[in-house]
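Chain and residue survey
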Amino acid sequence: MKTNKFWIFVFGGVVLVASVAAVLLWRTPATYARIYKDGELTETVNLAAGTEPFGLLVECGNYDTSGKNFNYLEVEHGRMRVSSADCPDGICIRQGWVSGGLLPIVCLPNRLVVTFDGGGSGLDVDAVAG
Amino acid sequence: MRFKSKDTSAVRFSLKDEVAKFFLLLLFVLFILFSVGCSDNRSDERLSETRLLLDTYCTITVHGDVDNALLDEAFLLLTELEALFSITIEGSDVWRINNAGGEPVAVDPRTAELIEVGLKFSELSHGMFDITVGWLSRLWDFSGTPNVPAQSEIEEALATVDYRQVIVVGNTVQLVNPNAWIDLSAIAKGFMAYEIAEFLAANGAEGALVNLGGDIVAVGNRYDGSPWRVALRKPFGDEGEWLGVIEVSWACVLSSGVYQRQFEMDGGHYHHILDPNTGMPVISDVVSATMITHTAVIGEGFSTVAVLLGSERAKALMENIPGFVGAVLVLENGDVLTLGDVELK
């Protein structure tokens, strides 16, 4: 009786441990995008959350005196891009979709930086020289 | 009876013991699993931060025995160096030299060292590279609102350009012509990137990548042990358009090109690499030069020299420069030349 109880505990334990292990090991790592306005972290976005694409308006920047500069971020299927902005160079828009890795999205005129952690870069590049 | 009772308690105790053992075992297994989980995710164990400094973006990535405080200290060091080398920050070493009215100025040893490196490049290039182009650069204002200056203004500025009027004795720098201006922007970022990399390596970093607006110093390898992967921007290409990717560890990657800081006006294309003989953007067959070197300041200085001198003269000088690893030159006709030990993937 005593031995049976013991083995029931062991069996239950193994099932429990296996479930925890499954959750731990097969969990898809989330990629977070951190949005910095003029050096201040203002928002953290989980790119993997939700299946519906969504947009994010970031009002920032002071390259002109209007105080109404903006970058519009789009998020879909674990990636992010700047789809429109009123900066004079448009470099942030031309950077295209980013899904993680070490290359941040940068808009110098609007002083916007988006960094990524977790996930792969997709591009497998750590920096761009030039 | 007493004995029996004692026996029962012993049985109870043994049951409890088994439960306790089981939970201990469960805890142990869970601990192992967490450890395995963590070591599996080791490739994500790195710190990386981007800040807008030096009029560009600066990304520092580091792994090893490091924490966020180290990153903060690295950025602090960067700010400290900028406050020495900046031409615009009032009270910087360069600002004090430029505003000393021709008198000698005591500077930080790092400023003296950087100026001496700049003077060596001037000698090497027979004055095509000149750190006394400050006045001329300010006229063109490539970092602000660029414009084509009047010929008379250019001539006035050119009269102040001559590296031989800079005298460095120990940590004292004298700019003999009181109207001249030193501008270290062609070599300062590389120097700073290297200083940061050295600081990180001396403070527990096993690997680090210092990227100051595209001027790159790689310490060791990536967190997964493979070399750092650096893409080379395609001149005049789109943001995501690259010439290719090079793999580096313990090396510096520095580029100069006529596609950076440039503007178009009345059908003319004007870029920031100025010819100290004409005061105009240099006419060269090299549109972009990327140097892979062991010391960043050498690579950065020489990448500009390569554009200034053109491909033939640059090639002749290149392999003799100290710490040369390789170079990638993009020519006006679109040809891509790779020199030394570099593989463009």
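Preceding this section is the structure that the text describes.
Residues numbered from 1 in each chain as written. Chains lettered and ligands numbered in written order. Predicted model: local features only at pLDDT ≥ 70, side-chain atom pairs only at ≥ 80, totals over all residues. Heavy atoms only, no water.

All right, on to the overall build of chain B then. The helix and strand inventory of chain B stands at nine helices and 15 strands. Buried residues in chain B amount to 52% of all 345 residues. Relative to all contacts within chain B whose residues are 6 or more apart in sequence, the contacts with residues 24 or more apart total 61%. A total accessible area of about 16,100 Å² is found for chain B, and carbon and sulfur atoms account for 53% of it. (Helix = DSSP H or I, 4+ residues; strand = E, 2+ residues; numbered from the N terminus. Buried < 20%, exposed > 50% of the residue type's maximum accessible area, 1.4 Å probe, protein only. Contact = heavy atoms within 4.5 Å. Areas by Shrake-Rupley, 256 points an atom, 1.4 Å probe, with all protein chains shown as cover.)

On to the packing of aromatic side chains, then. Residue and element names in this part refer to chain B. Inspection of every chain in the model, using the stated rule, returns nine aromatic pairs over all chains. Judged by centre distance (5.4 Å) and plane angle (85 degrees), the ring pair of W135 and W181 falls under edge-to-face. Residue W135 is found in helix α5 (residues 134-140), and its partner W181 is found in the loop between β5 (172-175) and α7 (188-202); the two are separated by 46 residues along the sequence. Ring geometry for F263 against Y270: centres 5.3 Å apart, planes inclined by 25 degrees, an arrangement best described as stacked. Of the two residues, F263 and Y270, neither departs from the other in class, the shared state being buried. Aromatic rings pair up to connect W140, F142, F263 and Y270 into one cluster. (Phe/Tyr/Trp six-rings, centres within 6.5 Å; stacked < 30°, edge-to-face > 60°.)

Let us now look at the sheet that holds strand β15 (residues 336-340) of chain B. Residue and element names in this part refer to chain B. The strand order across the open sheet built from eight strands is β1-β2-β6-β7-β10-β13-β14-β15, with neighbouring strands paired in antiparallel fashion. The outermost strands of the open sheet, each flanked by one partner alone, are β1 (47-53) and β15. Taking the axes of each pair of neighbouring strands and ignoring which way they run, one obtains an average angle of 10 degrees across the sheet. In this sheet, strand β7 (residues 215-219) lies alongside strand β6 (residues 205-212) in antiparallel orientation, the contact comprising five bridges. By the bridge assignment, N211 is partnered in β7 with I216. Its contacts with the sheet place α7 against β2 (56-64), β6, β7 and β10 (251-257), and it is angled at close to 160 degrees to β6. (Pairing = 2+ DSSP bridges. Axes fitted to C-alpha atoms, helices over the stretch in contact; angles between N-to-C directions.)

All names here are of chain B. Taken together, three strands build an open sheet; the order of strands is β3-β5-β4 and the sheet is antiparallel. What marks the edges here is a single partner per strand, and that holds for β3 (104-106) and β4 (166-169). Strand-to-strand twist of the sheet, defined as the mean angle between neighbouring strand axes without regard to direction, takes the value 20 degrees. Pairing of β4 with β5, which is carried by four bridges, proceeds in the antiparallel orientation. Each residue of the ladder has a partner; that of V168, found in β5, is V173. Sitting on the sheet, helix α4 (residues 109-124) touches β4 and β5, and the angle it makes with β4 is about 130 degrees.

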